[in-house]
Amino acid sequence: MKFGEVLRFAVRGLAANKLRSGLTTLGIMIGVAAVILLVAVGSGASASIEQSIAGLGTNVLTVSRAGGQNANARPLTVEDAKALVDPLGAPDVKASSPVVSTPVTAVYQGTSYEVPQLIGTNAEYFSTSNSALASGSLFTADDVTAARKVMVLGPTTAQELFGNADPVGKQVLANNIQFTVIGVLQSKGSSGLNDADDTAIAPLTAVQNSLTGYGQVNQILVQATSAESMSAAQAEITAILTARHRISANQTADFRVLSQEQLLATRTTATETFTVLLASVAAISLLVGGIGVTNIMLVTVTERIREIGIRKAIGATRGVILGQFLTEATLLSLFGGALGVAAGVIGSQFTIAGITPVVVPGSIFLAFGVSALIGLFFGSYPAGRAASLRPIEALRHD
C-alpha cells in the first residue's frame, strides 16, 4: 500500500472521532505554546536587563554592600564615596556618586503614583549614570549642599503624574514632603520588571533629611576615566575601601565592586536559570500531552479491532497497519504542534508581567520537532498493538 493511501486511511480515522482528536491536539498545543511563550518571556527579561545595564555606560562600576561575616563589617557611607575620588590613590576614578533610594508615593493635584525608587544622590550622578536631560534642568552641587527639595523625574514617572502636561516648575508631594520638579530625563528605552525610566532623583541631603535619615547608602556609583581603565579603577576602589573598612587578609570583604559586564553576567545567569526552569515546566505539559496521545490511540485501536481484522483478512500487512496508526498519532501531534506554535507566537506579542517577550526561533523548531517525536514515540505502542492483532481474533471481537 502506498503512503498516500496510508495517509488517507489515517485522516479518515481521525475524522471519525473529531472530539477525541481535538482533545488530544489541545494537550499538545498547550505544551508547545507554553514552551515557546515561556522561553520568549525569559529572553525578554534578559534583553531588558542587558538594555538597562548598558544604559549606564561602559565605564561605570557599582559598589554595593556584601554580606561579610566578619565582626567589623561596615556599611557604605557618603565618606566612602568621597574617599574614592582621590587623584593620588585612585587616578583612574573620575567621579563617584553615593546613592540612597526608597519607594515613595508621589501626589500631584489628586493624582497619586507609586514611584518604585526615589534616588538621593549628588550632581555627578547624571553623567555617571549616562542620564541625559529632556527638559528643564538638573540639580547642582549647590542644591545638594543646601539640601534643596528639588527633583528630576524619569519619563515614565512624569507621564504617570502629569500626562502630557509640562512637569517643570510643578510641586509634587513625595510621602507628603513637597518637592519642586526642575527637570525630566530622556528615556533610556527601558522595559521589563525594572524600568530605569520609572524613577525620581533628588539631592542626597534633601532625601536623607526628609525621607531616609542619615547613615549608610545603598550603593556607590563610580565612573572610571575610560572603559580601558575599568580594571585599574576596580583595583583602586577595592584597595581604598579595604583600608577604610579595616578588612584584614583573613576576613571577607563587606563590599563588592562590579563592572557593568559582571552585573550583566550575574543577572543574565540568574535569568537563564529561571528560563530553563520555566521551559522544563512547560516540557512536562508536552509529556502529559504525549501520554494523552497513547491513551487516545489505545482507545482508538480497541474500538477498531474488527476493522483491523477485516483489513488484515483482505491482505493488509503488519507494516501497513503499523504505518496507519503511527501516521494518525503523528498527525495529531503535528497539528497540535502547529497550533501551539501559532498560539505561542501570538501570545508573545503581548507584554507579560511588565516584560516584552522576545521569540527565540530555536524554541519554535525545538518545540515543534519534539511534538512530532512525541507522536512517533507515544503512538508506537498503540500502533504496535494494532499491527500484532491476529485476523481471526480481531474478527471475533465484538
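Anyway, here's the lowdown on the structure attached to this text.

What counts and how
- Residues numbered from 1 in each chain as written.
- Predicted model: local features only at pLDDT ≥ 70, side-chain atom pairs only at ≥ 80, totals over all residues.
- Heavy atoms only, no water.
- Helix = DSSP H or I, 4+ residues; strand = E, 2+ residues; numbered from the N terminus.
- Buried < 20%, exposed > 50% of the residue type's maximum accessible area, 1.4 Å probe, protein only.
- Contact = heavy atoms within 4.5 Å.
- Phe/Tyr/Trp six-rings, centres within 6.5 Å; stacked < 30°, edge-to-face > 60°.
- Core = buried A, V, L, I, M, F, W, Y, C linked by side-chain atoms within 4.5 Å.
- Salt bridge = Lys/Arg side-chain N within 4 Å of Asp/Glu carboxyl O.
- Expected span 1.5 Å × (residues − 1).
- Arc of directions from axis to C-beta.
- Bend = angle between axes of the 7 residues up to and from the residue.

We now examine the overall build of the chain. On a plain count of helices and strands, the chain comes out with 13 helices and 10 strands. Per-residue burial over the chain gives 45% buried out of 398 residues. Taking all contacts inside the chain whose residues are at least 6 apart in sequence as the whole, residues at least 24 apart take part in 80%.

It is worth spelling out the packing of aromatic side chains at this point. Under the criterion given, the structure shown has three aromatic pairs. Between Tyr125 and Phe126 the ring centres are 6.1 Å apart and the planes differ by 80 degrees, which places this aromatic pair in the edge-to-face class. With respect to class, Tyr125 is no different from Phe126; both count as buried. Arranged with centres 5.0 Å apart and planes meeting at 70 degrees, the rings of Phe126 and Phe139 form a pair that is edge-to-face. With a gap of 13 residues between them, Phe126 in helix α4 (residues 125–128) and Phe139 in the loop between β4 (133–136) and α5 (141–145) connect regions that are remote in the sequence. Pair check on accessibility: Phe126 and Phe139 agree, each one buried. Each residue in the set Tyr125, Phe126 and Phe139 is aromatic and connected to the rest through ring pairs, giving one cluster.

This brings us to the nonpolar core. Core analysis: the biggest nonpolar cluster contains 42 residues, and Val63, Ile220, Val222 and Ile237 have the highest contact counts within it. When sequence neighbours within four positions are dropped, the list of residues in contact with Ile237 reads Leu61, Val63, Leu84, Val93, Val222 and Val257. Counting 21 residues, the second largest nonpolar core, distinct from the first, contains Ile28, Val35, Ala329 and Ala386.

Pairing between side chains becomes possible if they bear opposite charge and their charged atoms approach one another. Tallied over the entire structure, the rule returns two salt bridges. Between Asp80 and Arg244 there is a salt bridge, with its nearest N and O atoms 2.6 Å apart. Taken together, the positions of Asp80 in helix α3 (residues 78–83) and Arg244 in helix α8 (residues 230–244) put the pair 164 residues apart, joining distant regions of the chain. Overall, the relative accessible area of 2% leaves Asp80 in the buried class. Assessed through its relative accessible area of 34%, Arg244 is described here as partly exposed. In this structure, Arg148 and Asp143 form a salt bridge, with 2.9 Å as the shortest nitrogen-oxygen distance.

Attention now goes to α8. In this model, α8 (15 residues) spans 21 Å end to end at C-alpha, consistent with the 21 Å of a helix rising 1.5 Å per residue. For α8, the complete set of buried residues consists of Met230, Ala233, Gln234, Glu236, Ile237, Ile240 and Leu241. Viewed along the axis of α8, the buried residues span an arc of 165 degrees, placing them on a single side of the element. Residues of α8 that are exposed and point over 90 degrees away from its buried face: Ser231 and Ala243. At the C-terminal side of α8, Arg246 shows a positive phi close to 55 degrees.

Relative to the 39 Å expected for 27 residues at 1.5 Å per residue, helix α12 (residues 361–387) spans 38 Å between its end C-alpha atoms, a close match to the ideal helical length. Taking the largest bend as the criterion, α12 deviates by roughly 45 degrees, centred on Ser380, and proline Pro382 comes between one and four positions later.

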